[in-house]
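Below are the chains, spelled out letter by letter.
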Amino acid sequence: MNISEMIHKGMRCFDGGTGTMLMKLGLEIGGCPETAPADVMLSIHNAYIEAGAQYITTNTFGASRPKLAKYDLAEKTADINKRNTETARRAASGKNVFVAGDIGPTGEIIEPYGSFAMEQFIEVFTEQALALAEGGADLFIIETMASKEELAAAIEACKSAASIPVIACMTFDRAAQGGFKTMMGVTPEEAVSLMQSSHADVCGANCTLSPTDMVELAQQYRALTKLPILMQPNAGKPRISNGKTFYDPIQNIEKVLTDLIAAGVELAGGCCGTDPEYIRLLRKILDRSSREKLQ
Ligand SMILES: [Zn+2]
């Protein structure tokens, strides 16, 4: 699979959030999302495919060994990654839909601030990437990264685990002094530069920002790279009430998403709080933009 060819064929729409959907379906708070039953995940994948997603994301965001160890599931790492990828494969089977093997942060911090050495990050991500590939992932998607070292380790591990495309995403918030920064202080310039030098196939950003704030980030990315760009905003600004997180609906969401794609974004999807209705609208806007480009 060549990601640029897929984009030219109009394959541009990712899926939306998994966590939000699991919570709607009653996943207990504090439980390990990656152990959600296969039939529940099948129904979530199918809802996104039915809404128009052309790429579905495996339920493996927190399935790295250090994260699973918090639930006493470290020894099941390979098994959980492989099985959850097989579930996504089953949902995609017979449809024109690709499976993106998802990798999120480990929760560990690089030395000397934390206790993890670069080799440990690479080892952890290699274990996960090999199991995702074995389960049948068509591509890798690395998400919500805040640290340059951790992102570099994840890209390197994916590149050596399988010859499939690698999408690299960091997560940014608005910085007090203007512009955007990750929690570890990485700027979009530094992020894109690292993604390119590590030979990622797509430069991306996900989570934290609302679609409105992500328009400006997308414009910055576009000025920095010729590689395809993926943007996956949250549904909006989160609001916590009674211990639960809500995302207030965005005013003029159709116009905001149209602006996001018009910033030069080839690929788009949704992160926290987004649902199949959001993906249905996003797919419509992506298809419209593809048609306009052909004219
Ligand atoms: Zn998110």
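Our subject is the structure that appears above.
Quick caveat: nothing in here was measured; it's all calculated off a predicted structure.

### Focus on the pattern of salt bridges
Point 1. For the coordinates displayed, the defined rule picks out 20 salt bridges.
Point 2. A salt bridge links Arg-65 to Glu-127; the shortest N-O distance between them is 2.9 Å. A residue pair is termed long-range when its members are at least 10 positions apart, and Arg-65 in helix H4 (residues 65-69) and Glu-127 in helix H6 (residues 118-135) qualify at 62 residues.
Point 3. Taking the relative accessible area as the measure of exposure, Arg-65 reaches 28% and is therefore partly exposed.
Point 4. For Glu-190, the salt bridge is made with Lys-148, and the minimal N-O distance between the two is 3.8 Å. One end of the pair, Glu-190, is in helix H8 (residues 188-197); the other, Lys-148, is in helix H7 (residues 148-161), and 42 residues separate them in sequence.
Point 5. In the salt-bridge network here, residues are joined through shared partners; they are Arg-174, Asp-213, Glu-216 and Lys-237.

### What to know about the packing of aromatic side chains
The description of two aromatic rings rests on the distance between their centres and on the angle between their planes.
Point 1. Considering all chains together, one arrives at five aromatic pairs under this definition.
Point 2. With a centroid separation of 4.5 Å and an interplanar angle of 5 degrees, the aromatic rings of Phe-14 and Tyr-55 are classed as stacked. Of the two residues, Phe-14 sits in the loop between helix H1 (3-8) and helix H2 (19-24) while Tyr-55 sits in strand E1 (residues 55-57), which places them 41 residues apart along the sequence. For the pair Phe-14 and Tyr-55, one class covers both residues: buried.
Point 3. Both rings, one in Phe-121 and one in Phe-125, keep their centres 6.4 Å apart while their planes meet at 15 degrees; by these two values the pair is stacked. Of the two residues, Phe-121 and Phe-125 are both situated in helix H6; the distance of four residues between them amounts to about one turn of the helix. Phe-125 matches Phe-121 in its accessibility class, with the two residues each being buried.
Point 4. Taken together, the ring pairs in this structure connect Phe-14, Tyr-55 and Phe-98 into an aromatic cluster.

### Remarks on the sheet that holds strand E8 (residues 229-232)
Backbone hydrogen bonds hold the strands of a sheet together, and the pairing may be parallel or antiparallel.
Point 1. Taking strand neighbours across the sheet as the criterion, the seven strands line up as E1-E2-E3-E4-E7-E8-E11 in an open arrangement whose pairing is parallel. Looking at strand neighbours, the two that pair on one side only are E1 and strand E11 (267-268), the edges of this open sheet.
Point 2. Pairing geometry for strand E3 (residues 139-145) and strand E4 (residues 166-170), over four bridges, is parallel. Counterpart to Met-145 in the pairing with E4 is Met-170.
Point 3. Packing of helix H5 (residues 77-92) onto the sheet brings it into contact with E1 and strand E2 (98-103), and relative to E2 it is tilted by some 160 degrees.

### Details of unusual backbone geometry
Point 1. For the peptide bond that leads from Glu-111 to Pro-112, omega is 0 degrees, which places it in the cis range.
Point 2. As for its placement among the helices and strands, Pro-112 is situated in the loop between E2 and H6.
Point 3. The backbone phi angle of Cys-207 is positive, close to 65 degrees, even though this residue is not glycine.
Point 4. The residue Cys-207 is located in the loop between strand E7 (202-206) and helix H9 (211-224) in this model.
Point 5. Since its relative accessible area comes to 13%, Cys-207 is described here as buried.
Point 6. Residue Asn-252 is not a glycine yet carries a positive backbone phi of 55 degrees.
Point 7. When you line up the elements, Asn-252 lands in the loop between strand E10 (244-247) and helix H10 (253-262).

### Focus: the nonpolar core
Point 1. Formed by 75 residues in total, the largest nonpolar core has its most connected members in Tyr-221 and Met-231.
Point 2. Ranked by residues supplied to this core, first place goes to H7 with eight residues.
Point 3. Residues in contact with Met-231, not counting those within four places in the same chain, are Ala-205, Met-214, Leu-217, Ala-218, Tyr-221, Leu-260, Val-265, Leu-267, Ala-268 and Gly-269.
Point 4. Counting residues in hydrophobic clusters, the runner-up holds 15 residues, among them Ile-3, Ile-7, Leu-139 and Cys-169.

So, how was this worked out
Residues numbered from 1 in each chain as written. Predicted model: local features only at pLDDT ≥ 70, side-chain atom pairs only at ≥ 80, totals over all residues. Heavy atoms only, no water. Salt bridge = Lys/Arg side-chain N within 4 Å of Asp/Glu carboxyl O. Helix = DSSP H or I, 4+ residues; strand = E, 2+ residues; numbered from the N terminus. Buried < 20%, exposed > 50% of the residue type's maximum accessible area, 1.4 Å probe, protein only. Phe/Tyr/Trp six-rings, centres within 6.5 Å; stacked < 30°, edge-to-face > 60°. Pairing = 2+ DSSP bridges. Contact = heavy atoms within 4.5 Å. Axes fitted to C-alpha atoms, helices over the stretch in contact; angles between N-to-C directions. Core = buried A, V, L, I, M, F, W, Y, C linked by side-chain atoms within 4.5 Å.

By themselves, these figures tell us nothing about what the structure is for.
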